[in-house]
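Residues per chain, in single letters:
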Amino acid sequence: MTRPLLNSRLAEFGTTIFAEMSALAARTGSINLGQGFPDTDGPEEIREAAVRALRDGLGNQYPPGPGVPELRSAIADHQRERYGLAYDPDAEVLVTAGATEAIAAALLALVEPGDEVIALEPYYDSYAACIAMAGGTRVPVTLRPHEGAYVLDLDELRAAVTDRTRLILLNTPHNPTGTVLTRAELTAVAELAVERDLLVVTDEVYEHLVFDGAEHLPIASLPGMRERTVTIGSAGKTFSFTGWKVGWITASPELTSAVRSAKQFLTYVSSGPFQYAIAEALRLPAAYFDALRADLGAKRDLLSEGLAQAGFDVYRPAGTYFVTTDIRPLGATDGFAFCRSLPERAGVVAIPNAVFYDHREAGAPFVRFAFCKRTEVLEEAVSRLKGLSA
């Protein structure tokens, strides 16, 4: 056959870097600090809630297309109690197969071929693929390192908007840099969206993982934004059950209906019994979320300090459970080559940030490590990495 089998829109996307590096970790017996999944399960009472749902016959057959009412109500209550955002659980909440499906459904629903989508780079890899599947054109705006953190250049963002721009795709807290966009930055983004009549899709799956007094502010709460924003949330990062794949969107009835129109032809429904369990999880007391934040904050500090001692320049994150590092102090400039050799050199796996960039040269010397692991695993990884600076 002369015609390629793969749809040309996906031709630039091969096997994900996460699959490659996880396979490398398994083959070499290395500590996997690449892919962002916890190595322990979440709260026992939530796991038992899933077991109870299975035994009680809840969700064993197709759940309702928008999600089970108990979960949609819990999501609406969470948004109201945390952020003062009132959503109708019947018309403005949609449960998805994780945040990944929420992103895909939102972009497939809202983007026409030729529309431009602004994304902050480095960006989670599915953003680029979903924009491509929708026929859109991605326009990256680069977060750049400055004084130990990554910052958004608002002038660059404004300059990226054209008459073809359809929406801005945000991610805060931001993977992989750990940046938490400030109120001032989000206000400027909101004002731009209102001025240019843009939609905003915002990935907020790390909303509960913020440190050092950083504030997570949903952009939907700012003036003029509720009716033009699709907010994406997920249970995986907050409750450490990433395999359950329970995500959701909250948006106006019109936006929710549009996203549901695409979502129904993706998974249709998913995660039936787990939806009931996550409904209970979202109603856990504040002490749970505080303890999660404190635990991950301590692990962030442990890994960040260990990486600095190993010779990396470290960008200590304000949110998420990832640390971005600069490998140039170790005499390296190519993150791909560095990560592919790291298992043999130190028995640790990381992810090259360049895979999250259109402008590969901007991300070339940066490498991401995950700290959502047991303390003893992080301590062993730190011990192994010390040899790099020897």
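Below is a short write-up of the structure. Everything quoted here is computed from the prediction, not taken from an experiment.

## Remarks on the environment of Ala11
Within the secondary structure, Ala11 is located in the segment before helix H1 (17-28). Residue Ala11 is classed as exposed on the basis of its relative accessible area of 56%. Along the backbone, Ala11 and Ala132 are 121 residues apart, and their C-alpha atoms lie at a distance of 9.7 Å.

## Looking at the pairing of strand E15 (residues 366-370)
Of all 5 residues in E15, 5 are buried, a share of seventy percent or more. Every second residue of E15 is oriented toward a common face, with Phe366, Arg368 and Ala370 on one face and Val367 and Phe369 on the other, all of them buried. Bridge count between strand E12 (residues 322-326) and E15: 5 bridges; the pairing is antiparallel. Across the sheet, residue Phe322 finds its bridge partner in E15, namely Ala370. Direction of pairing for strand E14 (residues 351-352) relative to E15: antiparallel, over a ladder of 2 bridges. What sits directly across from Pro352, in E15, is Val367.

## Examining the side chain of Thr256
Summarising the element assignment, Thr256 is placed in helix H9 (residues 253-263). Judged by its relative accessible area of 0%, Thr256 falls in the buried class. In this view, Thr256 contacts Ala91, Glu92, Val93, Leu94, Ile249 and Ala251; residues no more than four positions away in its chain are not counted.

## Observations concerning the layout of surface pockets
As a volume, the largest pocket reaches approximately 1000 Å³. What lines the largest pocket is a set of 45 residues, among which Thr16, Phe18, Tyr124, Asp125 and Ser126 lie closest to the centre. Those elements giving two or more residues to the lining of the largest pocket turn out to be H1, helix H4 (98-110), helix H5 (125-133), helix H8 (236-239) and helix H12 (335-346).

## Focus on the packing of aromatic side chains
Inspection of every chain in the model, using the stated rule, returns 17 aromatic pairs. Both rings, one in Tyr62 and one in Tyr268, keep their centres 5.8 Å apart while their planes meet at 75°; by these two values the pair is edge-to-face. Of this pair, Tyr62 sits in the loop between helix H2 (44-55) and helix H3 (69-83) while Tyr268 is found in the loop between H9 and helix H10 (272-281), placing the two residues 206 residues apart along the sequence. Under the relative-accessibility criterion, Tyr268 is labelled partly exposed at 40%. Summarising the aromatic geometry, the rings of Tyr315 and Phe366 are spaced 6.1 Å apart at their centres and angled 70° between planes, so their arrangement reads as edge-to-face. Taken together, the residues Tyr315 in strand E11 (residues 313-315) and Phe366 in strand E15 connect sequence positions 51 residues apart. Owing to a relative accessible area of 3%, Phe366 belongs among the buried residues under this scheme. Joined through ring pairs, the aromatic side chains of Tyr150, Tyr315 and Phe366 make up one cluster. Its end group placed over the ring of Phe322, Arg368 keeps NZ or CZ at 3.6 Å from the ring centre.

## Concerning the nonpolar core
Formed by 130 residues in total, the largest nonpolar core has its most connected members in Val230, Phe239, Ile278 and Phe369. Per element, the largest residue contribution to this core is 8 residues, and it comes from H4. In contact with Val230, not counting residues within four places along its chain, are Ala106, Leu110, Val200, Val201, Thr202, Ile249, Thr250, Ala251, Leu255 and Val259.

## Here we look at the packing of helix H11 (residues 286-309) against helix H14 (residues 375-385)
At a closest axis distance of 9 Å, the pairing of H11 and H14 adopts a crossing angle of 5°. Taken together, H11 and H14 sit at an angle that is classed as roughly parallel. Contact residues: Lys299, Leu302, Leu303, Gly306 and Leu307 in H11; Thr375, Leu378, Glu379, Val382 and Leu385 in H14. Grouping the constituent residues of the contact of H11 with H14 by class yields 6 nonpolar, 2 polar and 2 charged.

## Some details on empty space enclosed by the protein
Over the atoms rolls a probe the size of a water molecule, and in doing so it shows where empty space is left. Taken as a whole and judged by the stated rule, the model has 1 cavity of 30 Å³ or more. Each pocket or cavity is described by its volume, and for the largest cavity that value is around 30 Å³. Around the largest cavity, the lining residues are Pro64, Gly65, Pro66, Gly67, Val95, Lys263, Tyr268, Val269, Ser270 and Gln275.

## Description of the sheet that holds E12
Strand order in the open sheet made by the 4 strands is E11-E12-E15-E14, with antiparallel pairing throughout. With one partner strand each, in any of the chains shown, E11 and E14 form the two edges of the open sheet. Against the sheet, H11 contacts E11, E12 and E15, and its axis sits at roughly 15° relative to E12.

## Observations regarding the sheet that holds strand E4 (residues 137-142)
With mixed pairing, the 7 strands of this open sheet are ordered in space as E2-E10-E9-E8-E7-E3-E4. For this open sheet the edge positions go to strand E2 (93-96) and E4, each flanked by a neighbour on one side alone. Mean inter-strand twist for the sheet, computed between neighbouring axes without regard to direction, equals 20°. Examined bridge by bridge, E2 and strand E10 (residues 247-250) share 4 bridges and lie antiparallel to one another.

## Digging into the pattern of salt bridges
Applying the stated rule across the entire model yields 27 salt bridges. Ionic pairing is found between Arg47 and Glu44, a salt bridge with its closest N-O pair at 2.5 Å. Note that Arg47 and Glu44 are positioned in helix H2 at a spacing of 3 residues, about one turn of the helix. With relative accessibility at 34%, the residue Arg47 sits in the partly exposed group. Here Arg316 makes a salt bridge to Asp301, at a shortest N to O gap of 2.8 Å. Of this pair, Arg316 sits in the loop between E11 and E12 while Asp301 sits in helix H11; the two residues are 15 residues apart in sequence, bridging distant segments of the chain. The partly exposed category is assigned to Asp301, whose relative accessible area is 24%.

Cut-off values and rules
- Per chain, the residues get numbers from 1 upward, laid out in the order the sequence is written.
- Confidence filtering applies because this is a predicted model: local features only for residues at pLDDT of at least 70, side-chain atom pairs given and counted only at 80 or more, and all residues used for totals across whole chains, interfaces and linings.
- Think of the side-chain values as coming from all heavy atoms in the structure, minus any hydrogens and water.
- By definition, any uninterrupted DSSP run of H or I lasting at least four residues is a helix, any uninterrupted run of E lasting at least two residues is a strand, and each is numbered from the N terminus.
- Burial classification: accessible surface area is computed with a 1.4 Å probe over protein chains only, and a residue below 20% of its type maximum counts as buried, one above 50% as exposed, and the rest as partly exposed.
- Strands were regarded as paired on the criterion that DSSP finds at least two bridges between them.
- The contact definition used throughout considers only heavy atoms, calling two residues in contact when any of these lie within 4.5 Å.
- Two kinds of site are reported from a 1 Å grid over the protein atoms alone, namely cavities, where a 1.4 Å probe fits but cannot get out, and pockets, open sets with protein on both sides within 12 Å along at least five of seven lines, and residues are called lining when an atom falls within 4 Å of a point.
- Grid points are joined across faces, edges and corners, and a volume is the space filled by probe spheres set on the points.
- Working definition: a ring pair exists when centres of Phe, Tyr or Trp rings (six-membered ring for Trp) sit within 6.5 Å. Plane angles under 30 degrees give stacked, over 60 give edge-to-face, the rest tilted.
- Comment: the charge-over-ring label is applied if NZ (Lys) or CZ (Arg) is within 6 Å of the ring centre and within 35 degrees of the ring normal.
- Here the nonpolar core consists of buried residues drawn from Ala, Val, Leu, Ile, Met, Phe, Trp, Tyr and Cys, with membership extended through side-chain atoms lying within 4.5 Å.
- Axis definition: a line fitted to C-alpha atoms, limited for helices to the stretch in contact. Angles are taken between N-to-C directions and run from 0 to 180 degrees.
- Here the angle decides the label: under 35 degrees means roughly parallel, over 145 means roughly antiparallel, 65 to 115 means roughly perpendicular, and every other value means oblique.
- Basically, the charged four are Asp, Glu, Lys and Arg, the nonpolar ten are Ala, Val, Leu, Ile, Met, Phe, Trp, Tyr, Cys and Pro, and anything else, Gly included, counts as polar.
- Salt bridges are counted wherever a side-chain nitrogen of Lys or Arg sits within 4 Å of a carboxyl oxygen of Asp or Glu.

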